[in-house]
Number of protein chains: 2
Amino acid sequence: MSAHGSFQPDEPAALFYIGQHDGRANVQASPDVLSLAYGLGYDFLTTPITTSAFHSRVVAQAKDLLPPTDTTCLPTLNPLTPQDSNLAPNEGNSALVGFVSAWIDLGSPNPVIAKLSQRVLNAEVAYAAFCGINTLIVHGPSAQANVVQYARDIREALALGPFVQLHILLPMTGELEHDYADSSPLAELVAESEVDLDDDDDLSRHTDLYGVWKDWNTIRTICSYSQKLSLALELPRQLPAPSLQRRWFSEPIRLLIYSRTSFLRNAKGYPVLSKQHQQLLSRFATLPSPPWLLLSDVDPLEDATSTTTTGQPTEPTPAEAASRSNEKPKDNAPHLRYLRHLQHTQPSRTAIERFGQGYEDFLQSPLQPLTDNLESITYEGFEKDPVKYEWYGRAIAAALKDLRKQIQGDRPVIVAVVGAGRGPLVTRALQASIQTGIKIQCWAVEKNPNAFLLLQRRNAIDDLWNNQVRVVKSDMRHWRGPTAAESTAPVDIFVSELLGSFGDNELSPECLDGVQHLLHPAHGVSIPQSYTAHITPLSSPRLYNDLLSRSGIEKWELPYVVMLHRYDYLCTQTNSEAEVVPDVKQTWAFSHPVPGDALEQSRGRAGGGLDTGGWAGGDGGNEHNARACKVSFTSREPGVCHGLAGYFETVLYAGNDSKIELSINPVTMPQKSRDMISWFPIFFPFKTPLYIPEESEIEVSMWRQTDDRSVWYEWIAEVYKKVRGGKRMIAVSELHSSRKNACLT
Amino acid sequence: MSAHGSFQPDEPAALFYIGQHDGRANVQASPDVLSLAYGLGYDFLTTPITTSAFHSRVVAQAKDLLPPTDTTCLPTLNPLTPQDSNLAPNEGNSALVGFVSAWIDLGSPNPVIAKLSQRVLNAEVAYAAFCGINTLIVHGPSAQANVVQYARDIREALALGPFVQLHILLPMTGELEHDYADSSPLAELVAESEVDLDDDDDLSRHTDLYGVWKDWNTIRTICSYSQKLSLALELPRQLPAPSLQRRWFSEPIRLLIYSRTSFLRNAKGYPVLSKQHQQLLSRFATLPSPPWLLLSDVDPLEDATSTTTTGQPTEPTPAEAASRSNEKPKDNAPHLRYLRHLQHTQPSRTAIERFGQGYEDFLQSPLQPLTDNLESITYEGFEKDPVKYEWYGRAIAAALKDLRKQIQGDRPVIVAVVGAGRGPLVTRALQASIQTGIKIQCWAVEKNPNAFLLLQRRNAIDDLWNNQVRVVKSDMRHWRGPTAAESTAPVDIFVSELLGSFGDNELSPECLDGVQHLLHPAHGVSIPQSYTAHITPLSSPRLYNDLLSRSGIEKWELPYVVMLHRYDYLCTQTNSEAEVVPDVKQTWAFSHPVPGDALEQSRGRAGGGLDTGGWAGGDGGNEHNARACKVSFTSREPGVCHGLAGYFETVLYAGNDSKIELSINPVTMPQKSRDMISWFPIFFPFKTPLYIPEESEIEVSMWRQTDDRSVWYEWIAEVYKKVRGGKRMIAVSELHSSRKNACLT
């Protein structure tokens, strides 16, 4: 059974919010400039907060105090004067993004520079917020910066206003391609000889592909994943490795910065983006809230005006207008125009993307259809799946064909759909019977009294059902089987759709155990025949942040069904087509019918006959459905693990000449059941993000536990480093248990 | 000013609780045996929980199910029958320690063995608890065990009874010297070829000195540092490296196990312990609750009885008694006797150990003498220090001698004791004056109105004070100095004892800044002249567990004054005497008077004159007292960091030919101020224990922050791994801030 909500209508096309940044000194976003920008089609502008006069006086103050001596007092800053800032509260400020002075150096190893920079940051953030400009860009830490010091200052600045939002300006890797400090950065005041470079500096950004990402991770970790903190990511001309692009996609990026170097020129000389850039942009465009796009130092706004002393745009003279009328109008914002063009030509979404719109990264508690009765709209959602029921139909047909040879005589094959819902599998069974020409006696068992009513009605009015279906209202575990009035024949084929996103998490094993006694002992078939659960470690700051913001403690101790969107796989491999795919590993398996006399033993234990004394609360009646596993993954790049993504695969039926399977495992889904929409993945969170250094091993231990009354999961991960002669532990997560939120049997 | 409570009277001598373990099968601790043991002087016995009949049936069940196939049902256990256990509820059970069957293998890689072992553990723990035996020993994980699986089972077993206490039986390193499974451990049923040894097995315990400790750390971490979980540590004949011994001392050990091999034989053939063993035992004996001692498989109790069919001890015949009267009575428990001997011959405690009795690992909130008024009993406690006031006296004398040469004319040296309390420093100043023959005019400034009353009374009745002391009731920062009636001379020497365990944490800088304007600008001296703060990373499961059990979140965000007792230093070095000492590093320094015009600038800023706009809440008036630091430590062994231990050092006075210092830094305290009792260390906790792999670097960043109204600390640690070309981050702690518990200025 699928496990997500109802279907959404199509959403409107992508919408880009595009702004312009002019980093030259003394360029202020006055109301006139703003209205010019609007006219051109921009949505917002950046603005400096302070003036170059302010810059000069701070530089002078710094020079006074350098080099610092033992008695040098850490500097404080005189408060801002009107010469220091051209900002003032203004209605138009809502379209402005503040650009904190890029010439500061928060993580400077020089204490005078560091302290002055901190004062400037605080002054600018506080004043901008006072003026109603709460969206602010802050230059990231420099290459030699003390990132912890930097992060601490950011954390303090975040608290300077209730609506302050800081976006840290960073490159994807290495250095920024653009220099955002127009002149005289404070860092230059400190002679290289004075900078006390630690011999063991962290691997330089120049050589460490993930160096910038590590700095970001340190910053946001120290800021406790604050929702007021995000990224302004500068896109380089040459995009880095796809693995690093995917990593940035999983991070909270609210601004993408395109500079002149991001663009190519097409044959006509217009700026365009490379295919890789277009793909990256398209990926970000699929987000429910796509990042804003910032054009940096391209198409200066003043070029859109003729030069007048007042800076006002002038109307062309009639003669000028006439001579231009035959030319193409000069486009003063070709880069903007191009981005708008891309906005209107975004690729259409896949089936599951359309289906999941609105559900991206939306954490849902898994359904408990065993205890809860589902609503019709929920069933309706399931039934829209273009793949699942088709596959079930094929599986039933294949099973019928195989069984026909095994069944003596001419009797119909007895097919029982257990947990029939509104009856889609019954329909498929009837269709399979027609298609194969094999007669069946079809039963539909359903415990939900409301759905039961619908089944009865359907039986009466549906042409295909034609009152032939034996509809039974019963929990399948209590069903006595085809009644004596019909026959006491065992069921030949059980058909069920009891699977959750992790396979067994909606208690399919427990349910199917309950009907196994009605199954034909020699050739009885269960569709599905088997199912397996699979996991892979996941990085998702988005999901972690969501859970962090919720109240309570139990939130970490249960799995969620979620359409994963903004995430990154930590452990990957290359498949036979040289594609990079996640390393997804199997945890355990279930198959039906349960072989041997395991169920007999269980029945003996249940209720305390040969019971096991009630340890862990159980009599042992469900012990055979307990599972344990330990799986290892390798992570080449550094990362942070926020939990485990879970999937399932199932063999509906494997017959003499066919194998019909479903899968939501991203590695096998394309081959087994592409475009199937019925299941989102499942997510087992970690209460504390686990830092994974490069070249590490992640060992995940999981358990499916049961005490007969309920079923729950436990999960834990250890991080290891391979060393000569073995491996060495780096870290271990908490042991999580969903026992307090267990599924009741 | 010192920061701990009142003095305790001497505590009674060490008390050892000694028991006996007989691991042979079928030896039950019946009431008769128990009373025999009492007679011999034992305090408790261990007892198995099940019988060898039970063992046999479990082994048989295991053999049936091995080797496991795909369809093998995970076994459950039939409940215990009367043949399976000789235990029953009994008053005497309170003197019994249950010994869970050592033949199980909880972490077995074989799922049948693992599951059976788990069922046995649960059965035995549950039944023992039912019978009132809640103290239980569980054999630690085997060398090839899946420790996570083992830990998970222990965690579940802990919940089987509200008073259950599990003690994990482990060696200090390598393998146990003793075999506690009398026969047929389940592990032997699994042929070696079947055991799926991971190629990358964690460094074998045989080669990794800390291998067993790592297993323990994993177990207790997965059990969330449960207070119901502790250690039963087997002591080997040859004790391992002292560093490892210290590590085990910091862990929650509730049982020390001595086996036959732990003992040597002296010349007379009696069992004795080596010097190293005696030292280890003495160290554990200093704990407020020393561990119980367990003699394992020595001096079997039945030897104390003659062999009768009823097992009753028989009286010797008169003839036997007569012939034995000339012999020394045979001692049936020589090992026990020896331990009792040690109990009565424990070394006496040092001064600070006696002083701190009852305060070991007791977390106290630091004093806030600036806001609170201290009680007389608190002052009295301070004044008992045999070192501090002596040193102050010497410092004042040295300063007087140096100043005598600098002061023109014949006027007395003006000495002001600020924060005079009950006046001990005034007394020392007067004594120094007499001793040097230099006349002084002594002032005593105190804001505490209650102490002020005492000072006035003392001035009147004390022979030495003799009404000469000028007693002033005032906060020193508001004192106008020696009044016009006397003179308006500046103060020549300020004497204060405002230091906390971290030096500046009771706001000594802020206070002394407040009197600096009264100090002679040319030659004015402050005693102390300077002080420094120092830290080192600390492992203390004890303190972490204490904080964990408290309610609320803020508990992690403030430092505590605590007499550290059960801890381990994570970073050590070897000093010039080849002793291993902690690696303690300085964070920052303060000196008085504050040089230059820093205070002038501050005064200008305070109240908003040239103020800095109130960022971070401050006007900048106290900015010069802000501090920041980043210090690196190396950790060679693996460990867990629960926080930072903090100390201070101070130079009371450094004159022409003398330097008088105080220190609680364990590295320098023996030379600078041995036996000083006034200060316990300070402890900055980490909310989440930080795992430190071997050969790591720990970088600690700390800040002393101020917004003029208050002063607080921030602290964070990063763990790095040295790699070729640099270092690689492994983990980072949260950024902690005591701002919400700041000291108010």
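Coordinates for the structure precede this section.
By convention here, each chain's residues receive numbers from 1 onward along its written sequence. A letter from A marks each chain and a number from 1 marks each ligand, given out in the order of writing. Thresholds applied to this predicted model are a pLDDT of at least 70 for local features of residues and 80 or more for the giving and counting of side-chain atom pairs; totals over whole chains, interfaces and linings are not thresholded and use all residues. Derived side-chain values reflect all non-hydrogen atoms in the structure, with water molecules and hydrogen atoms excluded from consideration.

Draft legend 1. A look at the overall build of chain A. Helix numbers and strand numbers start at the N terminus; a helix is a DSSP run of H or I with at least 4 residues, a strand a run of E with at least 2. Counting its secondary structure elements, chain A contains 18 helices and 30 strands. We call a residue buried when its accessible area falls under 20% of the maximum for its residue type, exposed when it is over 50%, and partly exposed in between, using a 1.4 Å probe and counting protein chains only. Here chain A, with 745 residues, has 58% of them falling under the buried criterion. Here chain A displays about 30,100 Å² of accessible surface, and carbon together with sulfur accounts for 50% of that area. All accessible-area figures derive from a Shrake-Rupley calculation using a 1.4 Å probe, and residue coverage is judged against the displayed protein chains alone.

Draft legend 2. Representation of the packing of helix H12 (residues 388–406) of chain A against helix H13 (residues 424–436) of chain A. All names here are of chain A. Here the axes come from fitting lines to C-alpha atoms, over the contacting stretch only for helices, and the angles between their N-to-C directions go from 0 to 180 degrees. The interhelical angle for the contact between H12 and H13, taken along N-to-C directions, is 45°, at an axis separation of 8 Å. Judged by the inter-axis angle, H12 sits oblique to H13. Both H12 and H13 take part in a crossing whose hand is right-handed. Counted together, Tyr-389, Glu-390, Tyr-392, Gly-393, Ile-396, Ala-397, Leu-400 and Lys-401 of H12 and Pro-424, Leu-425, Arg-428, Ala-429, Ala-432, Ser-433, Gln-435 and Thr-436 of H13 form the full contact between these two elements. Its residues placed into classes, the contact of H12 with H13 shows nine nonpolar, four polar and three charged. Geometric relationships in this document are graded by angle, where less than 35 degrees denotes roughly parallel, more than 145 denotes roughly antiparallel, 65 to 115 denotes roughly perpendicular, and other angles denote oblique. Crossing chirality is assigned from the near helix's rotation relative to the far helix, an anticlockwise turn below a right angle marking it left-handed and a clockwise turn marking it right-handed. Note on contacts: a residue pair qualifies if any of its non-hydrogen atoms lie within 4.5 Å across the two residues. Under the convention adopted here, Pro, Cys and the residues Ala, Val, Leu, Ile, Met, Phe, Trp and Tyr are nonpolar, Asp, Glu, Lys and Arg are charged, and Gly plus all remaining residues are polar.

Draft legend 3. Spotlight on the sheet that holds strand E15 (residues 525–527) of chain A. Residues and elements named next belong to chain A. A strand pair is defined by DSSP finding two or more bridges across the two strands. In spatial order, the strands read E13-E12-E11-E14-E15; together these five strands make up an open sheet with parallel pairing. Strands at the two margins of the open sheet, each flanked by one partner only, are strand E13 (470–473) and E15. Across the sheet, the axes of successive neighbouring strands diverge by a mean angle of 20°, strand direction being ignored. Sheet topology note: the strand E14 (residues 493–496)/E15 ladder contains three bridges and is parallel. When the bridges of E15 are listed, Ile-493 appears paired with Val-525. Packed onto the sheet, H12 meets strand E11 (413–418), strand E12 (440–446), E14 and E15 and runs at close to 175° relative to E14. Sheet contacts for helix H14 (residues 449–461): E12 and E13; angle to E13, the most-contacted strand, approximately 165°.

Draft legend 4. Structural view of the packing of aromatic side chains. The aromatic pairing rule takes the rings of Phe, Tyr and Trp, using the six-membered ring of Trp, and pairs them if the centres are within 6.5 Å, calling planes under 30 degrees apart stacked, those over 60 edge-to-face and the rest tilted. Under the definition given, this model contains 47 aromatic pairs over all chains. Look at Trp-479 of chain B and Phe-494 of chain B: their rings are 6.5 Å apart centre to centre, the planes differ by 75°, and that puts the pair in the edge-to-face class. With a gap of 15 residues between them, Trp-479 of chain B in the loop between strand E13 (470–473) and strand E14 (493–496) and Phe-494 of chain B in strand E14 connect regions that are remote in the sequence. In this pair, the class of Trp-479 of chain B matches that of Phe-494 of chain B, namely buried. In textbook terms, an aromatic cluster arises when at least three aromatic residues are bridged by ring pairs, as seen for Phe-502, Trp-588, Phe-684, Tyr-713 and Trp-715 of chain A.

Draft legend 5. Quick peek at the pattern of salt bridges. A side-chain nitrogen of Lys or Arg and a carboxyl oxygen of Asp or Glu constitute a salt bridge if their distance falls within 4 Å. The tally for this structure, following the rule as stated, stands at 58 salt bridges over all chains. The partner of Glu-623 of chain B in a salt bridge is Lys-115 of chain A, with the nearest N and O atoms 3.1 Å apart. Residue Glu-623 of chain B is found in the loop between helix H17 (598–605) and strand E22 (627–635), and its partner Lys-115 of chain A is found in helix H3 (residues 111–130); the two belong to separate chains. Note that Glu-699 of chain B is salt-bridged to Lys-630 of chain B, the shortest N-O span being 3.5 Å. With Glu-699 of chain B in strand E26 (residues 696–706) and Lys-630 of chain B in strand E22, this residue pair connects regions lying 69 residues apart in the sequence. Three or more residues are tied together by salt bridges with common partners; here these are Arg-152, Asp-153 and Glu-156 of chain A together with Glu-714 of chain B.

Draft legend 6. View of the pairing of strand E25 (residues 682–692) of chain A. Residue and element names in this part refer to chain A. For E25, the buried fraction is high: eight of the eleven residues fall into the buried class. Where strand E17 (residues 560–561) meets E25, two bridges bridge the pair, whose relative direction is antiparallel. Bridge assignment links Tyr-560 to a residue of E25, and that residue is Phe-683. With seven bridges connecting them, strand E23 (residues 639–654) and E25 associate as antiparallel partners. Pairing of Gly-646 across the sheet is with Ile-682, part of E25.

Draft legend 7. Summary view of the sheet that holds strand E3 (residues 96–99) of chain A. Residue and element names in this part refer to chain A. In space, the eight strands of this closed barrel follow the order E1-E2-E3-E4-E5-E6-E7-E10, with parallel pairing throughout. Strand after strand, the sheet turns through a mean of 30° between neighbouring axes, direction not considered. With two bridges joining them, strand E1 (residues 18–21) and strand E2 (residues 44–48) adopt parallel strand pairing. Bridged to Gln-20 within E2 is Leu-45. Contacts from helix H4 (residues 147–158) reach strand E4 (135–139), strand E5 (165–171) and strand E6 (229–235) within the one sheet, and its direction differs from that of E5 by about 150°. The strands that helix H9 (residues 334–344) touches are E1 and strand E10 (292–296); relative to E10, the one it contacts most, it runs at about 155°.

Draft legend 8. Structural view of the nonpolar core. Ranked by size, the top nonpolar core spans 430 residues in total, and within it Ile-154, Trp-248 and Ile-527 of chain A together with Ile-154, Trp-248 and Ile-527 of chain B carry the most contacts. Examining the composition of this core, we find that ten residues originate from one element, helix H12 (residues 388–406) of chain B, more than from any other. When neighbours within four sequence positions are excluded, Trp-248 of chain A is seen to be in contact with Leu-170, Pro-171, Met-172, Val-212, Trp-213, Trp-216, Leu-231, Leu-233 and Ile-253 of chain A. Nonpolar cores were defined as sets of buried Ala, Val, Leu, Ile, Met, Phe, Trp, Tyr and Cys residues, with membership established by side-chain atoms within 4.5 Å.

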